[in-house]
Amino acid sequence: MPRKVKNINLQAIKASGDGETHYADEHFFITMHDLRLGGIETGKPYRVDEGRVMMVTRGWVRVIVNLEEQRPKAQSVVVLMPDSIFEILEWSEDFDMKAFSFKELPFFTPMRHQISLALTDDEWLLASEYVGLIWHEVQRKPVQKDVVEHLQTAFLLEMTRIVSQRDTLREKTATRQDKLFRRFLELIKKHGLEKRKIEFYADKLCITQGHLGAVVKKASGLTVMQWLNRHAVQRAKVLLRYSDQPIWEIAERLGFANPSFFSKFFKKETGITPGEYRNTTI
């Protein structure tokens with residue numbers, strides 16, 4: 001059986017605290033400390049209905065987000081998109097954080113995927129000031145929803161600016177091969193499930209299949225097909241672990257011709273069948 005995923009939504013958070021350490025209503029929540037808000041435990045999967053921003057103020061935490069492990073530490077920011085599945089593996093004894101949710105933000109907010117950033121002192125100071133302003137606003141009654149949402153939007157715009165600046169700097173120092181490899185990974189995230197032939201990615205990058213293979217192998221130590229297989233396996237694991245969908249339906253959703261082919265593929269990549277993987281993650 002798949003693991004039961006508990007939803008962490010605004011209603012649950014609103015009912016879990018005393019209002020002194022956090023604020024929550026039908027639109028958003030904010031807390032100035034304590035990840036345990038809402039009874040979060042280690043080793044259990046959770047799904048966030050709304051987007052989340054977490055600012056680690058002390059210590060560190062090991063967390064898996066959609067099967068990708070991260071370990072943010074003090075002066076780091078993590079942004080989770082709506083419907084993300086996360087699981088806390090462990091946290092340090094002194095771990096603490098600030099956090100807020102976001103939804104219904106202006107369409108121009110350029111936040112499309114999760115991020116994890118270690119901030120400089122100046123960046124951290126600015127981010128903390130934004131969160132402080134949000135906290136201040138929710139203490140005033142009645143709460144001005146538009147003001148809070150614009151402050152949240154400003155925060156996210158600032159984070160995307162930092163990401164963009166770092167990407168630009170990395171782009172300036174990156175070799176042509178580095179750039180090709182990053183573009184290849186972006187294409188996999190976008191097309192990896194429906195396009196599983198090397199020719200497609202080589203054509204998109206305007207290079208030969210041989211050149212693409214050489215670039216990917218040099219940059220990562222893996223082949224193009226290994227990257228495509230890794231992407232498919234990760235998506236399969238999320239569905240097997242956290243959904244009630246039957247295996248044949250998962251196979252169809254991931255673009256496999258039939259469940260038998262999917263099962264053989266999964267076992268070749270992981271050493272166990274999809275059913276065995278699902279039964280060992282209870």
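This text gives an overview of the structure that appears in the document. Small disclaimer: the values here were computed from a predicted structure and weren't measured.

**Considering unusual backbone geometry**
- The amide bond that connects Lys-141 to the next residue, Pro-142, takes the cis arrangement and shows omega of -5°.
- For Pro-142, the position within the fold is in the loop between α2 (121-139) and α3 (145-173).
- Its identity as a non-glycine residue notwithstanding, Gln-75 has a phi of 70°, on the positive side.
- Position of Gln-75 among the secondary structure elements: in the loop between β7 (68-70) and β8 (76-80).
- Positive phi outside glycine occurs at Cys-206, with the angle close to 60°.
- Among the structural elements, Cys-206 can be located in the loop between α5 (198-204) and α6 (209-220).

**Re the pairing of strand β11 (residues 115-118)**
- Here β11 shows one buried face, formed by Ile-115 and Leu-117, and one open face, formed by Ser-116 and Ala-118.
- Sheet analysis places β8 next to β11, joined by four bridges and oriented antiparallel. Opposite Val-77, over in β11, you have Leu-117 as the bridge partner.

**What to know about the sheet that holds strand β3 (residues 29-31)**
- With antiparallel pairing, six strands are arranged side by side in an open sheet as β2-β3-β10-β5-β8-β11. Two strands close off the open sheet at either side, each with one partner strand: β2 (22-24) and β11. Between one strand axis and the next, the sheet turns by 10° as a mean value, whatever way the strands run.
- The pairing of β3 with strand β10 (residues 96-102) spans two bridges and is antiparallel. Within β10, the position partnered with Thr-31 by the bridge is Ala-99.

**Observations concerning the packing of α2 against α3**
- Following both chains from N to C, one finds α2 and α3 inclined at 170°, their axes separated by 9 Å at the closest point. The pairing of α2 with α3 is recorded here as roughly antiparallel in orientation. Crossing geometry of α2 relative to α3 is assigned as left-handed. Taken together, the residues of α3 that come into contact with α2 (itself represented by Glu-123, Leu-126, Ala-127, Tyr-130, Val-131, Leu-133, Ile-134, Glu-137 and Val-138) are Val-147, Val-148, Leu-151, Gln-152, Ala-154, Phe-155, Glu-158, Met-159, Ile-162 and Arg-166.
- Looking at the contact of α2 with α3 residue by residue, the classes come out as 14 nonpolar, one polar and four charged.

Parameters at a glance
Residues numbered from 1 in each chain as written. Predicted model: local features only at pLDDT ≥ 70, side-chain atom pairs only at ≥ 80, totals over all residues. Heavy atoms only, no water. Helix = DSSP H or I, 4+ residues; strand = E, 2+ residues; numbered from the N terminus. Buried < 20%, exposed > 50% of the residue type's maximum accessible area, 1.4 Å probe, protein only. Pairing = 2+ DSSP bridges. Axes fitted to C-alpha atoms, helices over the stretch in contact; angles between N-to-C directions. Parallel < 35°, antiparallel > 145°, perpendicular 65-115°, else oblique. Left-handed = near helix turned anticlockwise from the far one by under 90°. Contact = heavy atoms within 4.5 Å. Nonpolar A, V, L, I, M, F, W, Y, C, P; charged D, E, K, R; others polar.

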